[in-house]
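So the chains spell out like this:
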Amino acid sequence: MPTPHNAAKEGDIAKTVLMPGDPLRAKFIAENFLENPVCFNTVRNMLGFTGTYKGKKVSVMASGMGQPSIGIYSYELYKFYGVENIIRIGSAGSYKEDLNIFDVFVADDAYSESTFAKTLDGSTESILQPSKKLTDAIKETAGKLGIKIYSGRVHSSDIFYHEESSDYKSGIESNDCDCVEMESFALFANARALKKNAACILTISDSLVKHEETTAEQRQTAFTQMMQLALETALVV
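Bear in mind the structure is a predicted one, so any value in this text is a computation, not a measurement.

Undergrad: What is the right way to read the overall build of the chain from this model?
TA: In terms of regular secondary structure, the chain is built from eight helices and 11 strands. Taking 2.2 N^0.38 as the reference for a compact globule, 237 residues should give roughly 18 Å; the C-alpha atoms of the chain span a radius of gyration of 17 Å, in line with that estimate. Looking at the chain as a whole, 53% of its 237 residues are labelled buried. Sequence separation of at least 24 residues holds for 77% of the intrachain contacts in the chain that already meet a minimum separation of 6. When the accessible surface of the chain is totalled, it reaches about 10900 Å², and 51% of it is carbon and sulfur.

Undergrad: Would you mind showing me how to read the packing of aromatic side chains here?
TA: A ring pair, where both rings are aromatic, is described by two values, the distance of the centres and the angle of the planes. Per the stated rule, a full pass over the model turns up three aromatic pairs. Ring geometry for Phe 28 against Phe 33: centres 6.5 Å apart, planes inclined by 70 degrees, an arrangement best described as edge-to-face. For Phe 33, a relative accessible area of 22% corresponds to the partly exposed category. Summarising the aromatic geometry, the rings of Phe 160 and Tyr 161 are spaced 4.8 Å apart at their centres and angled 75 degrees between planes, so their arrangement reads as edge-to-face.

Undergrad: I tried to follow the pattern of salt bridges on my own but got confused; where do I start?
TA: Any two side chains of opposite charge can pair, so long as their charged atoms come close to each other. For the coordinates displayed, the defined rule picks out 12 salt bridges. Put simply, Asp 108 and Lys 139 hold a salt bridge, and the shortest N to O gap is 2.7 Å. Separated by 31 residues along the polypeptide, Asp 108 in strand E6 (residues 104–111) and Lys 139 in helix H4 (residues 132–145) bring together distant segments of the chain. Judged by its relative accessible area of 31%, Asp 108 falls in the partly exposed class. Linked through salt bridges whose partners overlap, the residues forming this network are Arg 88, Glu 181 and Glu 183.

Undergrad: Teacher, can you tell me more about the side chain of Asp 206 here?
TA: Mapped onto the elements, Asp 206 comes out in strand E10 (residues 197–207). With a relative accessible area of 14%, Asp 206 lands in the buried category. For Asp 206, the residues in contact, after removing those within four places along its chain, are Ala 92, Gly 93, Ser 94, Ile 101, Glu 212, Glu 213 and Arg 219.

Undergrad: What's the story with helix H8 (residues 224–234) in this structure? I'm lost.
TA: Residue pairs spaced three or four apart in an α-helix point in one direction, given the helix's 3.6 residues per turn. Judged by how many residues are buried, H8 sits mostly within the fold: eight of 11 residues are covered. Buried within H8 we find Met 226, Met 227, Leu 229, Ala 230, Leu 231, Glu 232, Thr 233 and Ala 234.

Undergrad: Is there a simple way to think about the pairing of strand E4 (residues 56–61) in this case?
TA: Within a regular strand, the side chains alternate between the two sheet faces. Bridge analysis of strand E1 (residues 16–19) against E4 gives two bridges, and the strand direction is parallel. Following the sheet pairing, Val 17 is matched in E4 by Ser 59. Here six bridges tie strand E3 (residues 48–53) to E4, and the two strands are oriented antiparallel to one another. Across the sheet, the residue bridging to Phe 49 is Val 60, located in E4. Taken together, E3 and the strand that follows it, E4, pair antiparallel across an intervening segment of two residues, in which Lys 54 is found at a positive phi of about 50 degrees.

Undergrad: Mind showing me how you'd approach unusual backbone geometry here?
TA: The backbone of Arg 44 sits at a positive phi, close to 55 degrees, despite the residue not being glycine. For Arg 44, the position within the fold is in the loop between strand E2 (35–41) and E3. Even without being glycine, Lys 195 reaches a positive phi, approximately 55 degrees. Position of Lys 195 relative to the elements: it lies in the loop between helix H6 (184–194) and E10.

Cut-offs used in this document
- Residues numbered from 1 in each chain as written.
- Predicted model: local features only at pLDDT ≥ 70, side-chain atom pairs only at ≥ 80, totals over all residues.
- Heavy atoms only, no water.
- Helix = DSSP H or I, 4+ residues; strand = E, 2+ residues; numbered from the N terminus.
- Rg over C-alpha atoms; globule rule 2.2 N^0.38 Å.
- Buried < 20%, exposed > 50% of the residue type's maximum accessible area, 1.4 Å probe, protein only.
- Contact = heavy atoms within 4.5 Å.
- Areas by Shrake-Rupley, 256 points an atom, 1.4 Å probe, with all protein chains shown as cover.
- Phe/Tyr/Trp six-rings, centres within 6.5 Å; stacked < 30°, edge-to-face > 60°.
- Salt bridge = Lys/Arg side-chain N within 4 Å of Asp/Glu carboxyl O.
- Pairing = 2+ DSSP bridges.

Encoded structure:
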């Protein structure tokens, strides 16, 4: 049952999908962590793969950048392909002094100025939660693996660049956001609307406090702790 954005057929996609933003990160995970990966989508180069991880069927598919993009891909996975769990595995910029590059962060909730949820189903909330069961499984798995994680509130921004006249900082400060990315709020909104499960693991790629950053290549291939955490969680959900 292909969609305008996904060439996969029924049965091609696992019940649990790992969703990085970058298609090349999806390809890296498939080639380095999955056994016998098969590419199920190349439409618009939004690569998707299904293989097995320690004997369990798992899929990984890119979401692209921004809430409209992950909104399309996650909605179709939930609605048309029978996916039950989506774990976003992305990068984020740190707003806090104690969050450093390469730290692993699990979202407890997501704040956004976006109208995505309101347009989707009439929701007027500016803070949305991930699925508790899936998020708890991630945290428990991190403990078993000995992976140190941070958790708190993510800012899901629709804007990457801001003009000086913008008042965007007021919402970040009043809602005590720990880091910023561009997708989780929409993913959580889709999961809630469709009664599915969503969670978000991030690797800090930039510190907006210390003005440190990772390279594009590191964002594609070096965030392996986050990848391992998501894959090990997929075994238990």
